[in-house]
Structures are given as C-alpha cells and as structure tokens.
Amino acid sequence: MKKKLILFLIIAVFSTFALTGCGGGQDQAAKEEGQFDANADYSVILEQAKGSTVSFYGWGGDEERNKWIDTVVAPALKEKYDVTLERVPMDIDQILAKLSGEKQAGGKDGSIDMIWINGENFYSAKENGLLFGPFAEQLPNYQKYINADDPENQKDFGYPIEGYEAPYGKAQMVLINDSAKTPETPKNTAELLEYVKKYPGKVTYPALPDFTGSAFVRNVIYDIVGYEQFMDMKADKATVKAAIEPALEYLRSLNPYLWNQGKTFPSSSTEVNNMFADGELYLNMSYAPYSVTVNIEKGIYPATARSFLFDSGMIGNTSYIAIAANAPHKAAAMVAINEVISAEMQATQFSNLKTLPIVDYSKLSDAEKALFDNVDVGKGALSQDELLEKRVPEMPANLVPVIEEIWQEEVVGK
Amino acid sequence: MDRKKHRILNIVAYTAVLSILVPLLVLPFWSFVGRWPWPGLLPENFTLRGMEELFSGATNVLPVLTSSIALSLTVAVLAAVIGMMTARALVFYDFRGKELISFATVLPIIVPGTAFAMGVHVVFIYLGLADTVLGVILVHLIYALPYTINIMTDVTAMIGNSLEVQGQVLGVSPARSFYHVTLPLIMPGMISSASMAYIISFSQYFLTLMIGGGKVKTLSVVMVPFIQGGDRTIAAAYASVFVLSTLLVFVLLEILVRKYTARLSGI
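Remember, predicted model here, so these are calculated numbers, not experimental data.

Student: Give me the lowdown on the environment of Ala242 of chain A, citing residues and values where you can.
Tutor: All names here are of chain A. Looking at where Ala242 falls in the secondary structure, it is placed in helix α10 (residues 237–254). Among the residues examined, Ala242 registers 9 C-beta atoms within 10 Å and is labelled exposed. Sequence separation between Ala242 and Ser55 is 187 residues, and the spatial gap between their C-alpha atoms is 45 Å.

Student: Go over the sheet that holds strand β8 (residues 174–178) of chain A with me, naming the residues and quoting the values.
Tutor: All names here are of chain A. Strand order across the open sheet formed by three strands is β9-β8-β10, with antiparallel pairing between neighbours. One side of each edge strand has no neighbouring strand; the edge strands of this open sheet are β9 (283–286) and β10 (305–308). Put simply, the sheet's adjacent strands are angled 30° from each other on average, direction ignored. Pairing of β8 with β10, which is carried by four bridges, proceeds in the antiparallel orientation. Residue pairing for β10: Asn177 is matched across the bridge by Arg306.

Student: Explain unusual backbone geometry to me, using residue names and the numbers behind them.
Tutor: All names here are of chain A. That bond from Gly133 to Pro134 is cis: its omega, -5°, falls within 30 degrees of zero. Inspection of the secondary structure assignment puts Pro134 in the loop between β4 (131–132) and α6 (140–145). Look at Gln261: it is not a glycine, yet its phi comes out positive at around 50°. Relative to the helices and strands, Gln261 resides in the loop between α10 and α11 (269–277).

Student: I'd like to hear about the domain arrangement of chain A, residue by residue, with values.
Tutor: Residues and elements named next belong to chain A. Here chain A is partitioned into domain 1 (41–170 + 318–381) and domain 2 (172–316 + 392–410). For domain 1 versus domain 2, the distance between C-alpha centres works out to 29 Å. With three residues, helix α5 (residues 119–127) is the largest single contributor of residues to the side of domain 1 that touches domain 2. Across the side of domain 1 that touches domain 2, the residue classes break down as seven nonpolar, four polar and five charged.

Student: How would you explain the interface of chain A and chain B if you had to name every residue and give the values?
Tutor: Taken together, the contact between chain A and chain B spans 36 residues of the former and 32 residues of the latter. Mapped onto the side of chain A that touches chain B, the elements with two or more residues apiece are α1 (2–35), α3 (63–81), β2 (84–89), α4 (92–104) and α11 of chain A. Counting residues per element, the side of chain A that touches chain B draws most heavily on α4 of chain A, at six residues. Grouping the amino acids of the side of chain A that touches chain B by side-chain chemistry returns eleven nonpolar, 14 polar and eleven charged.

Reading the values: rules and limits
- Residues numbered from 1 in each chain as written.
- Chains lettered and ligands numbered in written order.
- Predicted model: local features only at pLDDT ≥ 70, side-chain atom pairs only at ≥ 80, totals over all residues.
- Helix = DSSP H or I, 4+ residues; strand = E, 2+ residues; numbered from the N terminus.
- Buried ≥ 20, exposed ≤ 12 C-beta atoms within 10 Å, placed from the backbone.
- Pairing = 2+ DSSP bridges.
- Axes fitted to C-alpha atoms, helices over the stretch in contact; angles between N-to-C directions.
- Domains from an automatic or database assignment.
- Nonpolar A, V, L, I, M, F, W, Y, C, P; charged D, E, K, R; others polar.
- Contact = placed C-beta atoms within 7 Å.

Structure follows, in structure tokens:
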C-alpha cells in the first residue's frame, strides 16, 4: 500500500513538472512574440538590446575566426551598444538537433540566438520553423551596404532566403598545388586528366558527402556539362543522372590514376588537407579561397603553394547568420548581425581571416573602399577580382544529396 | 625453455608499452610543429601557434581546464559513492525487482548514445536542467554509473560484509563499523571507479555539448572541433593538456586517498 502511494506521488510530481514546464514555456513564448518586433524602429531595437548577452553558435574549428570574433567583434559590440557577445563552438548538426529538441519540449525560451548557417542546413531549419524572420532587410547596414538583388542574397543554394538570414562571408572553391612539385595548374577538366595521368597516385578528392569533395564534383560537372540547366532541375534521380552522365564518365576515367586507384577516397577534406601538407598528395582543394595564404602563414603549407581556378569558373557560396525562432535575445542578435555586416567589420574579416566580404563594393564610400583596397591578400592567393570574375552559383540544395548518392553508386571503385 | 618464454613475454610487454607511450610522447612534440612532411625524420619548421591558442589572452585554456576538472571530480566522487551504495544494496539485500534494477544499471551504455542524448535533452528542458552545470553533472553521472556500479559490485561481493558485521557484534554502531572496517577495504575499488568516472566525464563531448548547450564549456568541448577540423598543431596542444592534466589529477587523487586510508586503518 505504502509503496503504491510513493509510486503515485512520483508520477504526480513528474507529470506536474512536465505540464508546468510545457505550459509556462508557451506563455513565455507568446509574451516574447508579442514583445519583439523586427519591424520596429531600429532605435527601439537598439534600446531593447542594451545590456543583453547574445549567444553566437557556429563551427569552432578555426582558431583565427574564433579569435576575430572574441577580440574584434565582441569588444566593438560591447563598446558601441553594450551588448555582450558569447561565442559558442558547436557543429551545425548539433545546433539543429538542439533547436529541434527545444522545439519538441515546447516553445520555451531557447539558449541559441545567432547561428552560422547556409545551404541544406538553412533549408531544413527554415522548413521546420526553427528560424526567426524576416529580419535581414530591416537592418540599417543591410540597406546601406548590401545589394539585395544579388542572387546570393536572394537564394541560398537555390532556396529563397526571404529575410531569414543575413550574409556573413563569401567562400569560393579553389584548387591548390605546390609549384615546387608540379609546375602545371590545370585550367579545365581535360587538363586535370592529363595532370592526374602525369602524377598517378598523387591526386584524389574527399569522398562525398564531404562538403568540399561534393563541391569539387559539382565543379567537375559544371566544367563538363555547364551549370545553367541545374538551376531549375527537378530533384529526380533519373533526370539528374541523365544530365551528369558525361561527368560521371569523366570521373570514372580519373579513377585508375587516383590515390589508391580510386577504390577508396579519403573520408574528409581535413584528411586530404593533411595529406597535401605532408606531400602525400600533390593537389588539394578548398572552399576557403585564401586558405593557401593562411596556411603558408601558419607554416602548414610550403611557401611555394598557390591556388588556381578552372577557366569555366568555380562554385562560390555565401554563409549567413540566422536567428533562432526561440532566441531569447532577438533584439541584441539583430544589433550584432547589423554590426557584422558593416563595411568596417567586413574589412577586418577580410584582412584578418581573408574571408571575401559580402558588402557591395559600389555602395561603399571612398574611405570604406580604401579599407578593402589596403588588404594584402598574401602569398599564393588570387585577387578578389579574379575570384569573383570566375564565380559560378551553387547548385540548388535539393540536388546536392541526389548527386552524392549517384556518385556513391556510379563512381567509387568503378 | 622457461627463459625463452620469459623473453617472449618481455618483448610483448615492451611492445605494448612502447606502442602506447610513443604516440603519447609525439603529442607534446607535435604541438610545436608547423609542417612535418613524409619522409622527413624531423619537422620542417616549428611554430608557437599551439601555445598561443592555449595561453593567449583571448582563448586562455586555464579557466576552462580548472572548471572542467572541478566538474569531472564532482562527477567522479558522486559516481563512486552512488556506485558503492547501489552495489551494497544489490549484493547484501534481497528485494522485489532486484534483477530489473541490476539490469537497468547498464542500460545507459546499451542504448545508442545519440538517441539517449536526445531523449535526456528533452526531459532536461522540461525540468529546467538544460544548459546548466547541474544538468551536465547529472548526465555524466548517468553514463558513469554503469561502470562504477559494476566495479563496486565485484569488489563488494569479494569483500563481503562479515567483518563489518563482526564490528557491529562487538558493539560499534553500523556507521562506525562501515567507516573504519569496510571503507579502507573497498578503497582501492572506490579509487578505480572514481578514476573511471572521471575519465568518462572528462572526455565526454557530445553529451556535454547537447545538455550543456555550449554554455557549459569543458576542455573536450573546446578541443574536439580542432581535432575534427584536422588542425594537428592545435589539436596536439589541447590533447597534451588533456593527457597531462588527467595524469596529474590521478596522481594527486592516489596520494590523497593513500594518506587518508592510512590514517583510517590506523584508527
């Protein structure tokens, strides 16, 4: 009898916990929703932001970027707007898992404010209602510095942005090799085949679905069959496969000369990167256009390393900052993002991290232009003009997994 | 024949020790290396990048390390004590559902980690434990307990309670009898289970990140992105700190406990 009573009590306590937890959460969410208005006058938002601590979640494996956020962005926010920025290193998969966990548990205030995001992750986060918006066009610096008509500010991997994220930095695929080891820089896929034949076993690329490996394969596809047809292609396996068949044929023809005869591929771009640094591979590829400069400075690459592009263009993308739907400090998040997209911050990002700026050069004042013009891109790198001139758009997000699947079936070990 | 066997054993033992020690010794070395291409015997250049990351103002590792050690020590002590008490209950008493509880103690390591973490996360959000240090301690405990309970069950069963009961027969209170007779006997088991729990807590990445929400920063949370990112210099620097601090904690723990037990059994 006594035992049953205890059991009953335990259940009762837990269910009240669960119920109040849930109910309280909804109330709070409703209140928050009522309180925060992204369309309010910016001075009101500035006032609301004052004194809050805003969290910024994103990948933490780049110590230079971590340092830039901690020592350049955060102090500026504190000084100018009395906003404290807390950087939280977390992979995007875990960020999304956390957000959906918080959503499952009820609309209670979350812990994540700003998120570094793009592509497929943005697609799934927005589709699942995990993001707050629209907010981007409401930012004064967005109006002032950003070209809203730029396709990369309209769509992220072919998926409409609709103000749910603001641009953060531009990336572009580059190929990398060491002029001391191989004098040639293949300008297209035909030259790449010659290159691979000349240095058998010294070239490979990361196995898909690695981010960089996947982008490299898309670049090969673009060079062989062009990119225009993919922009509105249906994400249907048969259609995609028919369109990329010549490229698949080409990739299979590379296999016999690749590292390990193309029977296996390194599992990640970090592995390929380390193999290149060790001289085990002669060709490397990166989605960070200035990674050569950065790695030469760090002493990881030899000073003779350089980056180069295909003549038909290399895929570029933009990464963005979004705000979580359950963000506890939306006003402060908007203030922080507004600061990050300012000409000043973009210039420090360009000079410290060599990340391509997202501001529209033609919208800058002369003084602001000088901030960018004075940046020395360093050894082995290409100029911003050269990169942007040969920039082609990313494929729509929903085609990416289809291509990855086809690659697994049709290329590996064939 | 015997000598030959001895020699083979020695070779096996030394190979085992070397294959553990050499990679460990390479770690601190790599934290100063910039580039070390094959087949060079020595690196091409050296860098202080790793040390800058560890000790420069912006990303000082010391506060994170201290709080990380404090957190894991808390988990270790709690796990050892709870493990000991659970083991005593399971070994010395008979009650309804004993088999079930005994099985339930190993459940957390049977259920796949990711699924487990998601479930715990949702429950912890309800209870207001997500993103708190207490939540992280609790979730580490859940993962450490299966090991400590198992270790302590064996130790308790081996030592039994006859000596403790004898003490009581001689007129000492149960508490004192436990404290002066049983505790010194099971101390080695307590130390191994605490060490085990410490290691489990200290190296926990995914669970800490999930439940701590990135707000609870431990050394693993800061270190793993660099390992995943393939930056060998910085990863090696962090890993060296990880290994050295763990060793240090274990040595200190061992010394403290030895002193304590010596005093206890001396009465």
